[in-house]
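# Architecture at a glance
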Amino acid sequence: MSAKILLSHGGGGEETQSLIKNLFFKHFGNDILLRMEDAAVLTMKSEKIAFTTDSFTVSPLFFKGGNIGKLAIAGTVNDLSMMGARPKYLTCAFMIEEGFEYEKLEEIVISMRDEMAKSGVKIVAGDTKVVPKGGVDGVFINTAGVGEVLKEGISAHALRQGDAIIVTNEVGNHGACILAMREELELQSDLKTDCASLWKSVEALIDADIEIHALRDATRGGLSAVLNEWAQTSNVGIHVREADIPVANEVKGMCELLGFEPYEFANEGTMLIALPQSEVAKALEVLKRFEETSKSALIGDVDDRFEGRVVLQTPWGSERFLEPPKGELLPRIC
């Protein structure tokens, strides 16, 4: 019989120490975390830091290409990366349901360890709570992240007339993957989440001295949410070409079948970039070196004719507004 998480694992006593040392320290151990202080003392070289926090409650906890642990690390790393900040340190808090299988928890922890190795980020402080059965759905994870800002000025407020818009991957894969598993849709395909840390691609853009005006990972609300937020925040118009937006055939088929908009589906390893037209060729060359951004494509530009709005040009030459998402499309996708 597999081991289970007990309420005593969250009680602060011997069982708690055993869980922390035999599981979390085993996979997350580093000089700062292993000091076991009430707070981590950190060293930062940069004058400016980026700081973010997020909580993860995805259902199901395990999905094709990832799980809630990988998602928690990649999501927090990407939030820092979108500000031009090198991810340095994370905190991590687990809320675990009584009776959750120890083996599954370790699988989640191992995936977190492996994802952290891709960016070099470290978990330096944490917390564990075990709640009675029904208190949470398996496992919830909260993270906070700190990073050193290497490139200043990247902002949703910084888009300019004529800027090019690049998307770095097919859109909607994560949302479609979660929906298919949740609804037990049998797809004859290898569709999986795009969940991935994007720091290496962002770092390469910075190292290449490419002028970047805005970065954003297109998570909840997808491409549509990001473009509309940019248009409103920078008070500009954005024009995108539907034919140039990469969408997997499986995602297109699911959306046509169920009446969804692929541009509203969530992503967890896909970012949008706004930058001068003169930087496009160089940026695409850099991005295509990395597996996570190998499908990068130029999809549109900033066009002040549509101030505050996003306009989608269809393959047939007609145009329509790409509206911001409304309502709850897919609950608990991250």
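Going by the structure above, here's the rest.
A brief structural summary. Predicted model, so just to flag it, every value in this text is computed and none were measured. (Residues numbered from 1 in each chain as written. Predicted model: local features only at pLDDT ≥ 70, side-chain atom pairs only at ≥ 80, totals over all residues. Heavy atoms only, no water.)

## Comments concerning the environment of Thr76
Mapped onto the secondary structure, Thr76 falls in helix 2 (residues 68-81). Distance in space between the C-alpha atoms of Thr76 and Ala144 is 7.1 Å, their sequence separation being 68 residues. Beyond its immediate chain neighbours, meaning those up to four positions away, Thr76 contacts Thr52, Phe56, Leu90, Thr143, Ala144 and Gly145. (Helix = DSSP H or I, 4+ residues; strand = E, 2+ residues; numbered from the N terminus. Contact = heavy atoms within 4.5 Å.)

## Some remarks on the sheet that holds strand 7 (residues 164-167)
Pairing is mixed across the open sheet formed by seven strands, whose spatial order is 8-10-7-11-9-12-13. Edge strands, defined here as strands with exactly one partner in the open sheet, are strand 8 (214-217) and strand 13 (319-321). Geometrically, the sheet is characterised by an average inter-axis angle of 25° between neighbouring strands, direction not taken into account. In the sheet, strand 7 pairs with strand 10 (residues 271-275) via four bridges, with the strands oriented antiparallel. Its bridge partner being in strand 10, Ile166 is matched across the sheet by Ile273. (Pairing = 2+ DSSP bridges. Axes fitted to C-alpha atoms, helices over the stretch in contact; angles between N-to-C directions.)

## Quick word on the side chain of Ser111
Along the polypeptide, Ser111 turns up in helix 3 (residues 102-119). According to the relative accessible area criterion, Ser111 is buried, its value standing at 14%. Engagement of the side chain of Ser111 in a polar contact is seen with the backbone nitrogen of Lys70, the distance being 3.4 Å. Not counting the four nearest positions on each side in its chain, Ser111 is found in contact with Asn67, Gly69 and Lys70. (Buried < 20%, exposed > 50% of the residue type's maximum accessible area, 1.4 Å probe, protein only. Polar contact = N/O pair within 3.5 Å; in protein donor to acceptor, adjacent residues only side chain to side chain.)

## Let's talk about the packing of aromatic side chains
Remark: the centre distance and the inter-plane angle together describe each pair of aromatic rings, the angle taken between the planes. Throughout the structure, instances matching the rule amount to three aromatic pairs. Between the aromatic rings of Phe24 and Phe28, the centroid separation amounts to 6.2 Å while the plane-to-plane angle is 15°, which identifies the pairing as stacked. Of this pair, Phe24 and Phe28 both sit in helix 1 (residues 14-28), separated by four residues, roughly a single helical turn. Side by side, Phe24 and Phe28 carry an identical accessibility label, which is buried. Summarising the aromatic geometry, the rings of Phe24 and Phe94 are spaced 4.7 Å apart at their centres and angled 20° between planes, so their arrangement reads as stacked. A residue pair is termed long-range when its members are at least 10 positions apart, and Phe24 in helix 1 and Phe94 in strand 4 (residues 85-97) qualify at 70 residues. The two residues Phe24 and Phe94 agree in class, both being buried. An aromatic cluster of at least three residues, connected via ring pairs, comprises Phe24, Phe28 and Phe94. Directly above the aromatic system of Phe321 lies the positively charged group of Arg309, at a separation of 3.8 Å from the ring centroid. (Phe/Tyr/Trp six-rings, centres within 6.5 Å; stacked < 30°, edge-to-face > 60°. Lys NZ or Arg CZ within 6 Å of the ring centre and 35° of its normal.)

## Observations concerning helix 1
If you check helix 1, its first and last C-alpha atoms are 20 Å apart, about what 15 residues at 1.5 Å a residue would give, namely 21 Å. The sharpest bend along helix 1 reaches about 30° and sits at Lys21. Those residues of helix 1 lying buried are Thr16, Leu19, Ile20, Leu23, Phe24, Phe25, His27 and Phe28. Along its buried surface, helix 1 packs onto strand 4, helix 3 and strand 5 (122-131). (Expected span 1.5 Å × (residues − 1). Bend = angle between axes of the 7 residues up to and from the residue.)

## So, the layout of surface pockets
By volume, the largest pocket is sized at about 580 Å³. Surrounding the largest pocket, 25 residues form its lining, Phe25, Leu33, Glu37, Ala125 and Gly126 being those nearest its centre. Put simply, the parts of the chain that give the lining of the largest pocket at least two residues each are helix 1, strand 4 and strand 5. Among the residues making up the lining of the largest pocket, the classes are represented as 15 nonpolar, six polar and four charged. Every residue lining the second largest pocket is counted, 19 residues in all, and those nearest its centre are Asn169, Lys192, Thr193, Asp194 and Glu291. Residues belonging to the lining of the second largest pocket are distributed by class as follows: four nonpolar, five polar and 10 charged. (1 Å grid on protein atoms, 1.4 Å probe; cavity = no way out; pocket = protein on both sides within 12 Å on 5 of 7 lines; lining within 4 Å. Points joined across faces, edges and corners; volume = space filled by probe spheres on them. Nonpolar A, V, L, I, M, F, W, Y, C, P; charged D, E, K, R; others polar.)

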